[in-house]
Amino acid sequence: MPSIYIHFPFCIKKCSYCDFFSITDMKNTDKFNKSLIKEIGIFTEKFASKPPVDTLFFGGGTPSLMKPEELELIFNELKKHFNFSNTLEFTVECNPGTIEKSKLEGYKLLGVNRLSIGIQSLIPKELEFLDRIHSPEEALEAIGTGREAGFDNISTDIIFSLPGQKVDDIRYTLENLLKHKPNHISAYNLTYEKGTPLYNRMQSGKVNKNDDEVDAEIFEIVSDTLTESGYEQYEVSNFALSGKKCRHNLNYWNGGEYYAFGPSAHGYFSGTRYWNRRNLKKYFDCIENGLLPAEGSEILTGRQKLEERIMLGLRCEGLNITELNKEFNIDLILKNRELINQLINDGLMTNGNGMLKLTRKGYLLSDEIIIKMCEGISEIS
Ligand code: SF4
């Protein structure tokens, strides 16, 4: 069943590593809410009936800057045009330092049932390096506030492999985070995205990226610590306690459809991928003229769909070979026999019950493995 993603493009302060579209000038938040409602109306006017939706995700930006009343306006508009499932997974991303109990209680009353809290690190100098707006204490308090407001599904994000990060540093963050038992943890390797202050600092030599061995060692500690603590690694960067996998992300990773609203949001439905303008003024101009704010769209070719399926399957819960072969009329194993045998011999992949899966060791090399698998089917267009 499809998902909906809403992009709320405002933040209190830009984090040094962040490549997501967001701005710190809040003067247009009201105008944004109204435009978003209009965008939803324009997008859905051609629908003959209300499409079903299983997950709703407010990301950004910092959607936890929204008051419950603002969230309610948007949700009410969505309800006019979409048929939400009775078991809707409704997530709001939260930045510690922007939430208080009454706000979260308001979200809960609306039907929000999952919080995704950006903790990132529990070490003051690391949070400073990332330009986060909160302290380690505030980050942990946010989990407690979420619990007090009645949330039993709380996810937390952390970032690892900061320059100069020691094994003890990541262990410290993990151990202290685990004391608060988040239901889900997303753990991302720090990336240096072009155009970010962090990237510029690296280019000018002020910051040195860790080498690959250090990255690998820290990733292994993250993966081992979390799995030994009862979390299932169900995607390269995602770990969940029983029953708490993120259904919204699983839908993306399984190639499901998703509608997306707000500047820079990316959507995919009826075989077409589209992406909205990454500029608030241009976004507003489109909506004021009764137009959708899409900057571009593309119909995925068979080759693109196959590559995506291989990438998402291997990063996530495995590739169902029979289904994939049938859908794309290929024999993936035959095309990649040598490579697959090698990966299995090296303990990087398993092939059982018709599923090709990367092992935890394989997750470490997932990018290279996916490229090689796709090269093996290069004749498919
Ligand atoms: S709070 Fe989130 S969206 Fe905003 S700048 Fe930081 S990382 Fe980016």
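Residues numbered from 1 in each chain as written. Predicted model: local features only at pLDDT ≥ 70, side-chain atom pairs only at ≥ 80, totals over all residues. Heavy atoms only, no water.

A separate point is the state of the cysteines. Tallied over the entire structure, the rule returns zero disulfides. For the unlinked cysteine Cys316, the closest cysteine sulfur is that of Cys246, found at 10 Å. By relative accessible area, Cys316 is classed as buried at 4%. (Disulfide = S-S within 2.5 Å. Buried < 20%, exposed > 50% of the residue type's maximum accessible area, 1.4 Å probe, protein only.)

The next point concerns helix α1 (residues 29–44). For α1, spanning 16 residues, the distance from its first C-alpha to its last is 23 Å, which sits close to the expected 22 Å at 1.5 Å a residue. Listed in full, the buried residues belonging to α1 are Thr29, Phe32, Asn33, Ser35, Leu36, Glu39, Ile40, Ile42, Phe43 and Thr44. (Helix = DSSP H or I, 4+ residues; strand = E, 2+ residues; numbered from the N terminus. Expected span 1.5 Å × (residues − 1).)

According to the domain assignment, the protein chain contains domain 1 (3–252) and domain 2 (302–375). Listed as interface residues are 15 residues of domain 1 and, on the opposing side, eight residues of domain 2. Here domain 1 meets domain 2 over a buried area of about 960 Å², counting both sides, of which 55% is carbon and sulfur. At the junction of domain 1 with domain 2, the criterion picks out three salt bridges. The interface formed by domain 1 and domain 2 holds six residue pairs in polar contact (both at pLDDT 80 or more) in total. For the side of domain 1 that touches domain 2, the secondary structure elements donating two or more residues are α8 (212–228), β7 (232–235) and α9 (247–253). (Domains from an automatic or database assignment. Contact = heavy atoms within 4.5 Å. Buried area = accessible area lost by both parts, 1.4 Å probe. Salt bridge = Lys/Arg side-chain N within 4 Å of Asp/Glu carboxyl O. Polar contact = N/O pair within 3.5 Å; in protein donor to acceptor, adjacent residues only side chain to side chain.)

What follows is about the site of the ligand. Taken together, Cys11, Lys13, Lys14, Cys15, Tyr17, Cys18, Gly60, Gly61, Thr62, Asn95 and Arg132 make up all the residues around the ligand. For the shell around the ligand, the class distribution of residues is four nonpolar, four polar and three charged. (Near = heavy atom within 4 Å. Nonpolar A, V, L, I, M, F, W, Y, C, P; charged D, E, K, R; others polar.)

A few words now on the sheet that holds strand β15 (residues 355–358). With respect to topology, three strands assemble into an open sheet ordered β13-β15-β14, the strand pairing being antiparallel. Of all strands in the sheet, those bounded by a partner on one side alone are β13 (319–320) and β14 (349–352). Bridging between β14 and β15 involves four bridges; their strand directions are antiparallel. Looking across to β15, one finds that Met349 is bridged to Leu358. (Pairing = 2+ DSSP bridges.)

Attention now moves to the pattern of salt bridges. For the structure on display, the rule yields 17 salt bridges. The salt bridge partner of Lys281 is Asp285, with a shortest N-O separation of 2.9 Å. Here Asp285 and Lys281 lie together in helix α10 (residues 280–288), a separation of four residues that amounts to about one turn. For Lys281, a relative accessible area of 57% translates into the label exposed. Across the salt bridge formed by Glu327 and Arg309, the nearest N and O atoms sit 3.0 Å from each other. Linking Glu327 in helix α12 (residues 321–328) with Arg309 in helix α11 (residues 302–315), this pair joins segments that are 18 residues apart in sequence. What you see here is one network of salt bridges that share partners, running through Glu232, Lys245 and Glu317.

Now for the packing of helix α6 (residues 167–178) against α8. For the pair α6 and α8, interaxial distance at closest approach is 10 Å and the crossing angle is 25 degrees. Looking at the two axes, α6 sits roughly parallel to α8. Every pair of crossing elements has a handedness; the one defined by α6 and α8 is right-handed. Between α6 and α8, the contacting residues are Val167, Ile170, Arg171, Leu174 and Leu178 on the first element and Glu217, Ile218, Ile221, Val222, Thr225 and Leu226 on the second. In terms of residue class, the contact of α6 with α8 is built from eight nonpolar, one polar and two charged. (Axes fitted to C-alpha atoms, helices over the stretch in contact; angles between N-to-C directions. Parallel < 35°, antiparallel > 145°, perpendicular 65-115°, else oblique. Left-handed = near helix turned anticlockwise from the far one by under 90°.)

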